[in-house]
Amino acid sequence: MHQRPPLMPLIAALPSTVPFVGPEAQERERGRAFRARIGANESSFGPSPRVIARMAEIAGDMWMYCDPDNHDLKVAVAVHHGVKAENVVVGEGIDGLLSLVARMYVAPGDAVVTSLGAYPTFNFHIAGVGGRLVMVPYENDKESLDGLLAAVRRDKAPLVYLSNPDNPMGSWWEASEIIGFIEALPQTTMLVLDEAYSELGPASALPPIDISRPNVIRMRTFSKAYGLAGIRCGYAIAEAQVIRDFEKIRNHYGVSRMAQIAGVEALADQDYLRSVVARVAAGRRRIAGIAEANGLKPLASATNFVTIDSCGDGAFALKVLQGLLSRDVFIRKPMVPRLDRCIRVSVGLDHELDIFAEELPGALATARGN
């Protein structure tokens, strides 16, 4: 009999789960494709045409390894945000950077504070290093700054996670409130401020970047407004020593040559970014209108999706989601109590929102048993 070497006890004790079941897996199980892919908060508008042209131009160079220093992209990010390259680290999207943060600041048994229902990949990485998640409920469909701060102080947490604008509710805090939260944090607590949707919300929600604070990490991505979710590229901005600590453990060949060059080109085309932001705003209005026409309540959103109150409970909202999936419309929904009364719809192309508008009444009728 062959035997496999034993796993580390921490890994052996983890459940065999992943944070998301992708639409591709659902399509394989269903045996057919979705007609409207409006559930993963990607940008259906895609990247800038000049980004696409540059990617096509360099496709033949992909036999080369990437630059392990990410030099050109780090410099471009630094210039874009008015910081130094020593304040920037590049990673495989925000997800890859969150994994590094978990390794950097969390020992087995440490309390780590986040919101109940917030981005599940953060929780996945904390569990992977043996951290103890402390979940703070949302208040009025927003992450509770007071609740997060109280939990940090009570549990002496070395790490706290906050997204602004927020996923899955689309809500946001103004910059002054975020600054107040930062100033109230213990200096021994690192804040991960996930700003994946920063380009899509009001400028008033974004505090000025202050790289003098050694306990704040600001995270951004090319996956949302820049339309490059498939290349897995994001970055963090922080005090220089924090960035040097990232460098100790990051995967230096993790961000491909294609991703690095596409990121540089994307930053250079701010006109296209502004056009996408305008199209997203129009798409949010369209989704809100569809929801209201069907007796549902759209929540205000600073992201590229709209979270919609089904005006029922979690069981009813799940039936609506399942009804839309059966009609080949891919959406998602929050799953924790109170938030689970909602469905979440990403801004898509016009024809995708046409399909959503056509199929939502039938899904609601089925959920209501009509």
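About the thresholds
Residues numbered from 1 in each chain as written. Predicted model: local features only at pLDDT ≥ 70, side-chain atom pairs only at ≥ 80, totals over all residues. Heavy atoms only, no water. Salt bridge = Lys/Arg side-chain N within 4 Å of Asp/Glu carboxyl O. Helix = DSSP H or I, 4+ residues; strand = E, 2+ residues; numbered from the N terminus. Buried < 20%, exposed > 50% of the residue type's maximum accessible area, 1.4 Å probe, protein only. Arc of directions from axis to C-beta. Contact = heavy atoms within 4.5 Å. Polar contact = N/O pair within 3.5 Å; in protein donor to acceptor, adjacent residues only side chain to side chain. Phe/Tyr/Trp six-rings, centres within 6.5 Å; stacked < 30°, edge-to-face > 60°. Lys NZ or Arg CZ within 6 Å of the ring centre and 35° of its normal.

Enumeration over the complete set of coordinates arrives at 23 salt bridges. With a shortest N-O distance of 3.8 Å, Glu247 and Lys74 are connected by a salt bridge. Here the residue Glu247 occupies a position in helix 9 (residues 240-249), and Lys74 occupies one in helix 4 (residues 71-81), the gap between them amounting to 173 residues. Taking relative accessible area as the criterion, Glu247 reaches 24% and is therefore assigned partly exposed. Where Arg286 meets Asp354, a salt bridge forms, and the shortest distance between an N and an O atom there is 2.7 Å. With a gap of 68 residues between them, Arg286 in helix 11 (residues 270-293) and Asp354 in helix 13 (residues 350-368) connect regions that are remote in the sequence. Overall, the relative accessible area of 34% leaves Asp354 in the partly exposed class. What you see here is one network of salt bridges that share partners, running through Arg30, Arg32, Arg35, Arg327, Asp328 and Glu359.

Since the α-helix turns once every 3.6 residues, residues separated by three or four places project in the same direction. What helix 3 (residues 49-58) keeps buried is the set Val51, Met55 and Ile58. Buried residues along helix 3 cover an arc of 75° about the axis, so they all sit on one side. Relative to its buried face, helix 3 has exposed residues pointing more than 90 degrees away, namely Pro49, Ala56 and Glu57. Elements in contact with the buried residues of helix 3: helix 10 (257-268). Put simply, Ser48 is the residue that caps the front of helix 3, since its side-chain oxygen is 3.1 Å from the backbone nitrogen of Arg50.

In this section: the packing of aromatic side chains. Applying the stated criterion to the full structure yields seven aromatic pairs. Members of the aromatic cluster, joined through ring pairs, are Phe222, Tyr226 and Tyr235. The ring of Phe34 carries the charged tip of Arg30 above its face, separated from the ring centre by 4.2 Å. The ring centre of Trp173 lies 3.7 Å from the NZ or CZ of Lys142, which sits over that ring.

Shape descriptors only; they carry no functional weight alone.
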